[in-house]
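As a plain string of letters, each chain reads:
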There are 2 protein chains.
Amino acid sequence: MSIQETPASASDPILDPAAGPVELTRQLCNIHSVSGDERAIADEVEAMLRRHAPHLAITRDGDTIIARTELGRDRRVAIAGHLDTVPINNNLPVRDETDPETGAAVIWGRGTVDMKAGVAVQLALAVELVAPAVDVTWVWYDHEEVASDLSGLGRAMRNHPELFAADFAILGEPSNGTIEGGCNGTLRARVELHGTRAHSARSWMGVNAIHRAGALLARLAAYEAERVVVDGLEYREGLNAVRIDGGVAGNVIPDRCCIEVNYRFAPSRSADEAVAFVRDFFVDADAVEIVDLSPGARPGLDAPLAQRFVAAVGQEPTAKLGWTDVSRFSALGIPAVNFGPGNALLAHADDERVPVGQIESSFSALRAWLSAAQEPLAK
Amino acid sequence: MSIQETPASASDPILDPAAGPVELTRQLCNIHSVSGDERAIADEVEAMLRRHAPHLAITRDGDTIIARTELGRDRRVAIAGHLDTVPINNNLPVRDETDPETGAAVIWGRGTVDMKAGVAVQLALAVELVAPAVDVTWVWYDHEEVASDLSGLGRAMRNHPELFAADFAILGEPSNGTIEGGCNGTLRARVELHGTRAHSARSWMGVNAIHRAGALLARLAAYEAERVVVDGLEYREGLNAVRIDGGVAGNVIPDRCCIEVNYRFAPSRSADEAVAFVRDFFVDADAVEIVDLSPGARPGLDAPLAQRFVAAVGQEPTAKLGWTDVSRFSALGIPAVNFGPGNALLAHADDERVPVGQIESSFSALRAWLSAAQEPLAK
C-alpha cells in the first residue's frame, strides 16, 4: 500500500522521526493499536519510512513492515518490535509524569513499556542511520499480545524467509535498557487423576480423584525449581499448577481431577527434554497431555557481534525469564537478545510507564553499536 | 381437586389396589412422574383413594396427598413415600425380568426402586386396612429428587403441622426390605485457599494457591472417617472433597483455590458439632463457608412401637447412611426409620430394578405390624 492511498496519513502525518525517540514514543502510544487493530499504526509507520527513509527497502505483509538496508555488509542483524498493545484501561493518551517510586521523569500510559518506547528507539535509528556498520533488517509486526499462532512475526517469517537471514537479532521487548539474553521455554500440560464415582454417603465404595491430587500437589509445592547457567546467564525455571478442576456433584465422589501445569525451562533443555521431565515428574498420574510447547532461546552472547553490543550497552546482561519472540529467531538459528526501555513487570499494568532516561540511553547504546563498528567483523 | 375434574382418570383409572402391590408397582412406574411433573400421578393416587378408601380423611397440598385414619387410637404412625423419580433413560415402561445377578424375578425400569415399589406397598395397605392397630397418617409427596427447599414433604409439614403429629414414622425409601434406622447428617462447605498472583515466568514472586491445597487434600486422603454406634446401629461417616477449582490463566500463578467438601456425620452429632468439626479440620484454610447443612436422625428403635415393627420385619435393623426425609420427621421429634423394597445402590441407575419377592415381603411385614398389635401399646 502506498501512502497515496491513506489520505489522512498523507495529509497529516502523526509520526515525526526528527522529534527524537522520546516524542516518537508519545506519538506511537496515542495511535490506537490493540491486537487485531494494528492497521492504522502500520500505515503510519510505513508512510513515515517511505517519506523519511528512502535508503530502506520496504516490504509489507499484512500489518507487518520489513525495512532493510542493502549495503552489502559482511554481517546483518535483525532488529524487531511489535506494534500492538493489550487493551487500554483509561490510560491513554499518555502523559508526562514523575515516577511515584523513583522520582524519575516517565511517560505514563498503555504501551509505553510494552513496547512503543522500544519501537520508537528503533524507528528513530532506522531513519537516521543511512549507513550502519552492519546491514539491518528492521521488523515491526502485529499480533504479539495474542495467541502464538496469530503472530505477525511468525507469519512474515513463513511468507518471506529470504528477508529474515541474519547473524544476530535484537528484540525490543522491555528489559530496563539492559540486555536480557535468550528466554526460557514454556510447556503446558494437562495432568489427570482418575477415580471411581460413588454416592458420597458411601464414599468407601469409590476412589476420590481429588484426594489423589493431594500427593501430587504437595510434591509440586515442595519442588525447588532449578537455576541453570546457559552461556553465562542464569535461567531460573518454574513448575507450577496454574489451573485445577474436578468434581461431579455435591453428593458424588469425584472420578476425575485435572491439573494444568506450566513448566518454564532453561534454554539449555530441548523441547523433548522438557516433555520427558514433565512426564517423569507426573509418572503416577493417569494421563499427561502436552497442550502447549515453545522451546526457549539460548542467549548467543559468545558471538563477537553480540560482545560488541554488550560493550556498547555497558551493563552485565541477564537472562530473560518470560518467553518472547527471540525464540522465533532462535528457531531459525539466529542468536537473539531482548533489549528495550521499560520494566517488564509494568507491562500490561494499569500504571504502565517508561522512564524517559531509559529511552534515551537505549537509543544511544543501539546507535553507538550500529554506527561505530565500521571495521569488518570476523565471520 | 375431585376426580370429577380429571375426566381421564375418572373414566379410565390406572391404579387398581385390588391387583396387589406388585401390579400397583408396575402401574405407578408407568405414570410419568419426573420431579416437577407429579400432577398426573398425584391425581391418580387421589382419585384411587377417594374411590377405594372412604375411611381415610384426605388433604391435598400441591401434589402431596395426606390421608389419615381417624380411629382414636392411642398411637399414630406416619408412613410416607415420594411420588417423583429422576429422569427416565429409555427404561420405561417397566418390564418383568430375571435379575442377571441373582436370578430373582424383578420389575425393571425407572422408579422401581426409588420408590414406586415402596409407594405401592403403602397404597395397597392404605386401602385394605380400614381398622389398623394404630392410627396411620399416610403421606405421598412431590419433589424429593431435587433441591431440599422444593420438598413437598417439607412444604406440607409447614402448611399443615397439625396433620403430622405422630409417635413414629416410616419412610418407604429402598432398604432391601429391612429396617434402616435414622440417617447420617450431611454438610457441605466451601474451603478456600488464597495466594498471590504473579506471572508464571517469575513464579517465585507469587504464592500458588493450588499448591497450598496439596497439604489439605493429602490430609483429607489420609483421614479415616469414624464409625459411630447410635442406639445400637453403626453409622459410618465420610469426609470428602467433591469439587475443586482454581486458576486464572495458563501463565498466571493462581491466587485462589476452592475445594467443596461433603461431611456425612452420625446422627449423634448435632449440626453445630458438625460445623465445629469441619471448621477445626480446615483451620489452616483462608475461608470456610458452610453452604448446606442437614442434621441426621437417630433411629429411635428403643420405643416399644419400633421394637414390634423390628419383630414383624424379622431382620436386624441397620443404619441408613444416606440422608433421607426421615430427618424431617426427626426434626419434629418423631423417631423415624426407612423401610422399603429395593436396593438403594440401584436407585437412579440405568439398570434400576426391584425384586418382586421384596415387594411381597415388605407388604406382609408392614401389614402384620399394622394389623396384629390390636392390644393398646404402652405410651
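Cut-offs used in this document
- Residues numbered from 1 in each chain as written.
- Chains lettered and ligands numbered in written order.
- Predicted model: local features only at pLDDT ≥ 70, side-chain atom pairs only at ≥ 80, totals over all residues.
- Heavy atoms only, no water.
- UniProt positions renumbered as here; feature names shortened; annotations may be inferred.
- Helix = DSSP H or I, 4+ residues; strand = E, 2+ residues; numbered from the N terminus.
- Buried < 20%, exposed > 50% of the residue type's maximum accessible area, 1.4 Å probe, protein only.
- Contact = heavy atoms within 4.5 Å.
- Areas by Shrake-Rupley, 256 points an atom, 1.4 Å probe, with all protein chains shown as cover.
- Lys, Arg positive; Asp, Glu negative; His and termini not counted.
- Charge placed at Lys NZ, Arg CZ, Asp CG, Glu CD.
- Pairing = 2+ DSSP bridges.
- Phe/Tyr/Trp six-rings, centres within 6.5 Å; stacked < 30°, edge-to-face > 60°.
- Lys NZ or Arg CZ within 6 Å of the ring centre and 35° of its normal.
- Least-squares fit on C-alpha atoms with pLDDT ≥ 70 in both.
- Salt bridge = Lys/Arg side-chain N within 4 Å of Asp/Glu carboxyl O.
- Buried area = accessible area lost by both parts, 1.4 Å probe.
- Nonpolar A, V, L, I, M, F, W, Y, C, P; charged D, E, K, R; others polar.
- Polar contact = N/O pair within 3.5 Å; in protein donor to acceptor, adjacent residues only side chain to side chain.
- Domains from an automatic or database assignment.

With an unreviewed UniProt entry as reference, chain A is termed Succinyl-diaminopimelate desuccinylase, source organism Leucobacter luti. Per UniProt, chain A carries the Catalytic activity (unreviewed entry) text "N-succinyl-(2S,6S)-2,6-diaminopimelate + H2O = (2S,6S)-2,6-diaminopimelate + succinate".

K.L.:
If you had to explain the overall build of chain A to someone new, which residues and values would you point to?
P.N.:
Helix and strand content of chain A: 10 helices and 19 strands. Principal axes of the C-alpha set define a box for chain A whose edges measure 80 × 45 × 45 Å. Sorting the 379 residues of chain A into buried and exposed places 58% on the buried side. Here the contacts in chain A between residues at least 6 apart in sequence split such that 78% fall between residues at least 24 apart. By element, 49% of the accessible surface of chain A is carried by carbon and sulfur atoms, the whole surface being about 14500 Å². Distance between charge centroids for chain A: 3 Å, based on 34 positive and 53 negative side chains.

K.L.:
Talk me through the pairing of strand β13 (residues 238-247) of chain B; I want residue IDs and the actual numbers.
P.N.:
Burial analysis of β13(B) places seven of its 10 residues in the buried class, the great majority of the element. Where strand β13 (residues 238-247) of chain A meets β13(B), five bridges bridge the pair, whose relative direction is antiparallel. Bridge pairing links A:I244 to B:G246 in β13(B). As defined by bridge partners, β13(B) adjoins strand β15 (residues 256-265) of chain B across eight bridges and the pair is classed as antiparallel. Residue pairing in the sheet places B:N240 in a bridge with B:N262 of β15(B).

K.L.:
So what about the packing of aromatic side chains? Which residues, and what values?
P.N.:
All names here are of chain A. Within this structure, the stated rule accounts for 22 aromatic pairs over all chains. When the centroid spacing of 6.0 Å and the interplanar angle of 5° are considered together, the rings of W138 and W140 count as stacked. Exposure class is identical for W138 and W140. Each is buried. Members of the aromatic cluster, joined through ring pairs, are Y223, Y263, F265, F277, F281 and F282. Here the basic side chain of R219 rests over the ring of F281, its NZ or CZ set 5.4 Å away from the ring centre.

K.L.:
Would you mind going over the relation of the copies chain A and chain B in detail, with residue names and values included?
P.N.:
For the match of chain A to chain B, the screw axis carries a shift of 0.2 Å, the RMSD comes to 0.2 Å, and the turn is 180°. One copy is carried onto the other by what is essentially a two-fold rotation axis.

K.L.:
So what's going on with the pattern of salt bridges? Which residues, and what values?
P.N.:
Taken as a whole and assessed by the stated rule, the structure comprises 64 salt bridges over all chains. Salt-bridge contacts for A:R212 lead to A:D286; the nearest nitrogen and oxygen are separated by 2.7 Å. Here A:R212, found in helix α6 (residues 209-222), pairs with A:D286, found in the loop between α7 (271-281) and β16 (287-294); they are 74 residues apart in sequence, far enough to count as distant. B:D292 is paired through a salt bridge with B:R188; the nearest N and O atoms lie 3.8 Å apart. Here B:D292 is found in strand β16 (residues 287-294), whereas its partner B:R188 is found in strand β9 (residues 185-194), with 104 residues between them in sequence. You can call B:D292 partly exposed: its relative accessible area is 28%.

K.L.:
Outline the UniProt feature "domain: Peptidase M20 dimerisation" (unreviewed entry) in chain A, supporting the account with residue identities and numerical values.
P.N.:
Sequence positions flagged by UniProt for "domain: Peptidase M20 dimerisation" (unreviewed entry) are, in local numbering, residues 185-282 of chain A. Secondary structure content for residues 185-282 of chain A is 26% helix and 43% strand, and the end C-alpha separation is 19 Å.

K.L.:
Break down the interface of chain A and chain B for me, citing the residues and quoting the values.
P.N.:
Each side of the interface is counted separately: chain A has 44 residues, and chain B has 44 residues. At the boundary of chain A with chain B, total buried surface from both sides reaches about 3300 Å², with 61% on carbon and sulfur atoms. Taken together, the connections running from chain A to chain B amount to zero salt bridges. For the side of chain A that touches chain B, the elements supplying multiple residues, two or more each, are α6, β13, β14 (252-253) and β15 (256-265) of chain A. Ranked by residue count, the leading element in the side of chain A that touches chain B is β13(A), at 10 residues. Looking at the side of chain A that touches chain B residue by residue, the classes come out as 22 nonpolar, 14 polar and eight charged.

K.L.:
Go over the environment of B:D231, please, and point to the residues and values.
P.N.:
Residue and element names in this part refer to chain B. One can find D231 in the loop between β11 (227-230) and β12 (233-236). Accessibility expressed as a relative area gives 33% for D231, which makes it partly exposed. Ignoring anything within four residues of it in the chain, the contact list for D231 reads R298, P299 and G300. Here R298 takes part through its side chain, which lies 3.0 Å from a polar atom of the side chain of D231.

K.L.:
Which residues make up the domain arrangement of chain A, and what values go with them?
P.N.:
All names here are of chain A. Annotation of chain A at the domain level lists domain 1 (17-183 + 297-370) and domain 2 (185-294). Taking the mean C-alpha position of each, domain 1 and domain 2 sit 36 Å from one another. Facing the 15 residues of domain 1 at the interface are 12 residues of domain 2. Together, the buried faces of domain 1 and domain 2 total about 1000 Å²; carbon and sulfur atoms form 60% of this surface. Of all residues in domain 1, R298, L321 and W323 bury the most surface against domain 2, accounting for 46% of the area lost on that side. On the surface where domain 1 and domain 2 come into contact, there are one salt bridge. The salt bridge involving R298 is made with D231; its shortest N-O contact spans 3.0 Å. Where domain 1 meets domain 2, there are three residue pairs in polar contact (both at pLDDT 80 or more). Residues belonging to the side of domain 1 that touches domain 2 are distributed by class as follows: eight nonpolar, five polar and two charged.

K.L.:
How would you summarise unusual backbone geometry if you had to cite specific residues and measurements?
P.N.:
The omega torsion across A:L92 and A:P93 is -5°, close enough to zero to call that bond cis. Note that A:P93 resides in the loop between β3 (76-82) and β4 (95-98). Phi is positive for B:N90, close to 55°, though the residue is something other than glycine. Take B:N90: it is sitting in the loop between β3 (76-82) and β4 (95-98). Owing to a relative accessible area of 77%, B:N90 belongs among the exposed residues under this scheme. If you check the backbone angles, B:N176 has positive phi at about 55° while not being a glycine. When you line up the elements, B:N176 lands in the loop between β7 (168-171) and β8 (179-181). Given the relative accessible area of 35%, B:N176 is considered partly exposed.

K.L.:
Explain the environment of A:R188 to me, using residue names and the numbers behind them.
P.N.:
Of the residues examined, A:R188 reaches a relative accessible area of 22% and is grouped as partly exposed. On a C-alpha basis, the gap between A:R188 and A:P87 in space is 25 Å, while along the polypeptide they are 101 residues apart. The residues contacting A:R188, other than those within four sequence positions of it, are A:R243, A:E260, A:V261, A:N262, A:E289, A:I290, A:V291, A:D292 and B:G250. A distance of 2.7 Å separates the side chain of A:R188 from the side chain of A:E260, its partner in a polar contact.

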